[in-house]
Protein chains: 2
Amino acid sequence: MLDSLTADTIIEARWIIPVEPEKTILSDHAIVINHGVIQAILPISQARSQFISHNHIALNHHAIIPGLINLHTHAAMTLMRGLADDLPLMEWLKYHIWPVETRYVSADFVLDGTLLACAEMLKGGVTCFNDMYFFPEVTAKAVIECGMRAAIGLIVIDFPSAYANDTDDYLFKGLSLRDCYSQHPQLSFCLAPHAPYSVSDKALTKIVTYAEQLDSPVHIHLHETHDEICSSLDTYGVRPIERLRQLGMLGPNLIAVHMVHLTKEEGNLLKEQNCSIAHCPSSNLKLASGIARIAELVALGINVGIGTDSAASNNRLDMFEEMRLAALLAKAQSGQADALSAHQALRLATLNGAIALGIDKITGSLAIGKAADITAVDFSTLALSPCFNPVSHLVYAASREHVSHVWVRGKLLLDDRELVTLNERELINRATQWQRRLNS
Amino acid sequence: MLDSLTADTIIEARWIIPVEPEKTILSDHAIVINHGVIQAILPISQARSQFISHNHIALNHHAIIPGLINLHTHAAMTLMRGLADDLPLMEWLKYHIWPVETRYVSADFVLDGTLLACAEMLKGGVTCFNDMYFFPEVTAKAVIECGMRAAIGLIVIDFPSAYANDTDDYLFKGLSLRDCYSQHPQLSFCLAPHAPYSVSDKALTKIVTYAEQLDSPVHIHLHETHDEICSSLDTYGVRPIERLRQLGMLGPNLIAVHMVHLTKEEGNLLKEQNCSIAHCPSSNLKLASGIARIAELVALGINVGIGTDSAASNNRLDMFEEMRLAALLAKAQSGQADALSAHQALRLATLNGAIALGIDKITGSLAIGKAADITAVDFSTLALSPCFNPVSHLVYAASREHVSHVWVRGKLLLDDRELVTLNERELINRATQWQRRLNS
């Protein structure tokens, strides 16, 4: 008989749903973790005979999935959750969000808002998020503190803020931050020009150059509303996506957020150029932007991930909600009940996000050699009974309340629904203080 | 100084949102309950000086709303939750749901399934549901046992089942049940012809007669899919709603479920005839039926309530989810971000359901003289921080996990998230047994 190998952590589960290979559901399997990395995935009986660990966790009624990846958010804006509702995008931005941002956004605001967002996301099974906001160095600090993974957006916008004076200042500050943390194991970076309507050709051209030099993803709002397209036609004579094409921004590094309004030709162009899309169903509905034709775009072979957008336009950072909504909307929008199956929706919310961010070699699925970014969902509950198919339940029946454990890089960050690295009560108190300030 | 009056229960809350009068939010108010009825709603300080109770509950971080009314479900089908997904309506019914029903549906199935559904709904803040299923006498029994309120559908369908042999048998059994329980304080009844495609003119005509005689609501699936309309045109030469008009079924007693596909004229007809609509957004998306034009129908002045449909096509009985989805879809569908505001969505999920069922004199809003059918939502949580407007949070940010207490007729049925009248563990065990049987 062979000696047992030691492992940092062994997680046994009723089901493991690795996302890769496709449509796989492993019953009564275990994940073995060493140095933050998945070392083995094998039947529980074999895990018990081959490995030994002081940290052996039995999740007998749980499904284990890759940590969810929130492909588009503005985490700090969680402090503006529900500040203004039932308004169209530009009115909401111009008369509610931007004035509050001008007056209140600071490093402190970003720290408190991002930690609040991280706590909400961790409790909802999210292990990684793609952010775009002012003071990205503070976002990075919050992410490091709580142990999550994030792609930090190096925001560029044509107007000044408390964070930066002009586009060069935004770019300089962002790139310096990237230099500082380029090797950090929890962080990756995206160049993040806000949107075609808020960034000039000059700045976009610089960003294209940096993106090529650094082989960096570019995270931008694109074709979110009909008005955005009309205003681009007025100002530039072309639709935003054509303008970006002319500027050289289309390509595998592009993460086009929203893509609610696009022609068949534009869909084909995105596919040809190997661009990724961040689909934000709740936000698109809430701001009456429309419904992105995701079933069609996925069928074209485009890499589509899912994002919550900010808690100011959603009003939650709940990837279970977005995953369900993505699957349901795809069916109604395409008229095909078999469009975007539960398995596909789960892939959008995990692996496809990692692909968009260029980090799919290290996260996004449960595979040997990838980081142990893992979410456990407790199925021993009324709302998930009976259970004929755990993947169906994950997408259509479960909600974030059923998330019990979360690991990032093998480190336990949510333990039986309790946050390990963050103080929930303190975060709520700080949010309440900001609420009083913003209300005044 | 006056002597204090005694009360059965006094509930103090951070906010009371009574739904009537419109857009009201009462801060730091209390509800005084006697004999199951709301006796007073007044500021906490006044409640403390005027009333005394052994059962005085302080919910300092909570919003109190009328219990949610689920205007369309098939509760027992909760035992088929997730049995078959990603399929269009007729394929799903013909090859998955109906064969299982033929083989397994019995009084036992209906009892276990309905109790499971009641438990899920109570934990999600639902106090009343409008049901349609076989063995309605068993549904009634389950409702009485758990203390909820329900409108029991007296189902009629053209094909035989374990419950009844033919339409006359269905009708006879249903009407006998109604006679038996007509005075029961938890129950009301609807005549419930399944759908235009599954009930003959002859049976529908009888139902119209009984509905008039008894002044009873009529609960029917209507204009759910495009196919339903085509098949009616083929068979009857008219669209289903015109057929029902000819048969005399349109009127204030009609609860038309789904109404996804309808012309402008049909919308006007429903308004003229004062019909109610049960909007089931998740189910309509999941079966790819489409998106009902609710913003337009509400603007016409039609009484629209919200239903979950069954857990087999949803796959949850979660009125918070449906309320959020109704508000979000109305915005995208109409292209107006101010369509169906949070206040309106809450009204759809409460008072409008009661109006449709003809029980708005006794439930559906928090008003003096109405039954104490009450749901408390705990706002002391990360996901609801900060809070600028509790009604916005109820619709856009809260989920059923935040429901802490539920009363029906003044009786506490959910106490700090724990079911009082039902045994959760036992219900899960029974669901698991049915799962094994259905899988075999």
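Residues numbered from 1 in each chain as written. Chains lettered and ligands numbered in written order. Predicted model: local features only at pLDDT ≥ 70, side-chain atom pairs only at ≥ 80, totals over all residues. Heavy atoms only, no water.

A. Molecular detail of the overall build of chain A. A tally of regular secondary structure across chain A gives 16 helices and 18 strands. Expected size for 440 residues packed as a compact globule is a radius of gyration near 22 Å; at 21 Å, chain A falls within 12% of this value. In chain A, which comprises 440 residues, the proportion classed as buried is 66%. Entry remark: accessible area of chain A is about 14,900 Å², with carbon and sulfur atoms responsible for 49%. (Helix = DSSP H or I, 4+ residues; strand = E, 2+ residues; numbered from the N terminus. Rg over C-alpha atoms; globule rule 2.2 N^0.38 Å. Buried < 20%, exposed > 50% of the residue type's maximum accessible area, 1.4 Å probe, protein only. Areas by Shrake-Rupley, 256 points an atom, 1.4 Å probe, with all protein chains shown as cover.)

B. Up close: the packing of aromatic side chains. All names here are of chain A. What the rule picks out here adds up to 13 aromatic pairs over all chains. Ring centres 5.1 Å apart and planes at 65 degrees place the aromatic pair Tyr-133 and Phe-134 in the edge-to-face group. Here the two residues Tyr-133 and Phe-134 agree in accessibility, since each one is buried. If you follow Lys-173 out to its NZ or CZ, it ends over the ring of Tyr-163, 5.7 Å from the centre. Stacked on the ring of Tyr-236, the Lys or Arg Arg-243 has its end atom at 3.7 Å from the ring centre. (Phe/Tyr/Trp six-rings, centres within 6.5 Å; stacked < 30°, edge-to-face > 60°. Lys NZ or Arg CZ within 6 Å of the ring centre and 35° of its normal.)

C. Layout of helix H15 (residues 390-397) of chain B. With 8 of 8 residues buried, H15 of chain B lies mostly within the body of the structure. Within H15 of chain B, the full set of buried residues consists of Pro-390, Val-391, Ser-392, His-393, Leu-394, Val-395, Tyr-396 and Ala-397 of chain B. Where the residues of H15 of chain B are buried, they touch helix H10 (281-286) of chain A together with strand E2 (9-16), strand E6 (56-66), helix H12 (319-334), helix H13 (342-348) and strand E15 (374-378) of chain B. The backbone nitrogen of Val-391 of chain B lies 2.9 Å from a side-chain oxygen of the residue at the head of H15 of chain B, namely Asn-389 of chain B. (Contact = heavy atoms within 4.5 Å. Polar contact = N/O pair within 3.5 Å; in protein donor to acceptor, adjacent residues only side chain to side chain.)

D. Focus on the pairing of strand E13 (residues 276-279) of chain B. Residue and element names in this part refer to chain B. Alternating residues of E13 divide into Ser-276 and Ala-278 and Ile-277 and His-279, and every residue in both groups is buried. The pairing of strand E12 (residues 254-258) with E13 spans 3 bridges and is parallel. Paired with Ala-256 across the strands is Ile-277, a residue of E13. For the crossover from E12 across helix H9 (residues 264-272) to E13, the handedness is right-handed. For E13 and strand E14 (residues 303-306), the ladder comprises 4 bridges, and the chain directions are parallel. Residue Ile-277 lies in a different strand from E14, and its bridge partner there is Val-304. (Pairing = 2+ DSSP bridges. Right-handed = clockwise from strand over helix to strand, strands pointing away.)

E. Main features of unusual backbone geometry. A cis amide bond links Glu-20 of chain A with the next residue in sequence, Pro-21 of chain A, at an omega value of -10 degrees. With respect to the helices and strands, the residue Pro-21 of chain A is situated in the loop between strand E2 (9-16) and strand E3 (26-34). Omega for the bond connecting Ser-385 of chain B with Pro-386 of chain B falls within 30 degrees of zero, at -15 degrees, which places this linkage in the cis form. For Pro-386 of chain B, the position within the fold is in the loop between E15 and H15. Unlike most non-glycine residues, Val-19 of chain B shows phi in positive territory, near 75 degrees. Relative to the helices and strands, Val-19 of chain B resides in the loop between E2 and strand E3 (26-34). For Val-19 of chain B, a relative accessible area of 10% gives the class buried. The backbone of Phe-135 of chain B shows a phi angle near 55 degrees, a positive value even though the residue is not glycine. Position of Phe-135 of chain B relative to the elements: it lies in the loop between strand E8 (126-133) and helix H4 (136-146). Residue classification places Phe-135 of chain B among the buried residues on the basis of a relative accessible area of 10%.

F. View of the domain arrangement of chain A. Residue and element names in this part refer to chain A. Under the domain assignment, chain A is made up of domain 1 (5-66 + 370-409) and domain 2 (68-357). A straight line from the C-alpha centre of domain 1 to that of domain 2 covers 29 Å. Taken together, the contact pairs 27 residues of domain 1 with 30 residues of domain 2. Of the roughly 2,300 Å² buried at the junction of domain 1 and domain 2 (both faces included), carbon and sulfur atoms supply 67%. Broken down residue by residue, the surface that domain 1 buries against domain 2 is led by Val-395, Tyr-396 and Arg-400, which jointly contribute 33%. (Domains from an automatic or database assignment. Buried area = accessible area lost by both parts, 1.4 Å probe.)

G. Representation of helix H16 (residues 424-439) of chain B within the structure. Residue and element names in this part refer to chain B. End to end, H16 covers 22 Å across 16 residues, agreeing with the expected 22 Å (1.5 Å per residue, within 8%). When H16 is considered as a whole, its buried residues turn out to be Glu-424, Leu-427, Ile-428, Ala-431, Trp-434, Gln-435 and Leu-438. Seen from one end, H16 has its buried residues packed into an arc of 120 degrees, which puts them on one side. In this structure, the buried side of H16 is in contact with helix H2 (89-104), helix H3 (107-123) and strand E18 (418-419). Of the residues that open H16, the one with a side-chain oxygen 3.1 Å from the backbone nitrogen of Arg-425 is Asn-423. (Expected span 1.5 Å × (residues − 1). Arc of directions from axis to C-beta.)

H. Focus on the relation of the copies chain B and chain A. Superposition of chain B onto chain A requires a rotation of 180 degrees combined with a translation of 0.0 Å along the rotation axis, giving an RMSD of 0.0 Å. In short, the pair behaves as if placed about a two-fold rotation axis. Residues of chain B ranked by C-alpha distance from the rotation axis are headed by Glu-401 of chain B, positioned 3.2 Å from it. A symmetric contact is evident, with 100% of the interface residues of chain B recurring at the interface of chain A. (Least-squares fit on C-alpha atoms with pLDDT ≥ 70 in both.)

I. Just the environment of Cys-128 of chain A, in detail. Residue and element names in this part refer to chain A. Looking at the element boundaries, Cys-128 is found in strand E8 (residues 126-133). Among the residues examined, Cys-128 registers a relative accessible area of 0% and is labelled buried. Between the alpha carbons of Cys-128 and Leu-26 there is a distance of 24 Å; along the sequence they are 102 residues apart. In this view, Cys-128 contacts Leu-68, Ile-69, Asn-70, Met-148, Arg-149, Ala-150, Leu-357 and Ile-359; residues no more than four positions away in its chain are not counted.

J. Expanded view of the pairing of strand E11 (residues 218-222) of chain B. Residue and element names in this part refer to chain B. Most of E11 is tucked away, with 5 of its 5 residues classed as buried. Side chains Val-218, Ile-220 and Leu-222 of E11 all project onto a buried face; the interleaved residues His-219 and His-221 project onto the opposite face, where all are buried too. Sheet analysis places E11 next to E12, joined by 5 bridges and oriented parallel. When the sheet's bridge partners are listed, His-221 is paired in E12 with Val-257.

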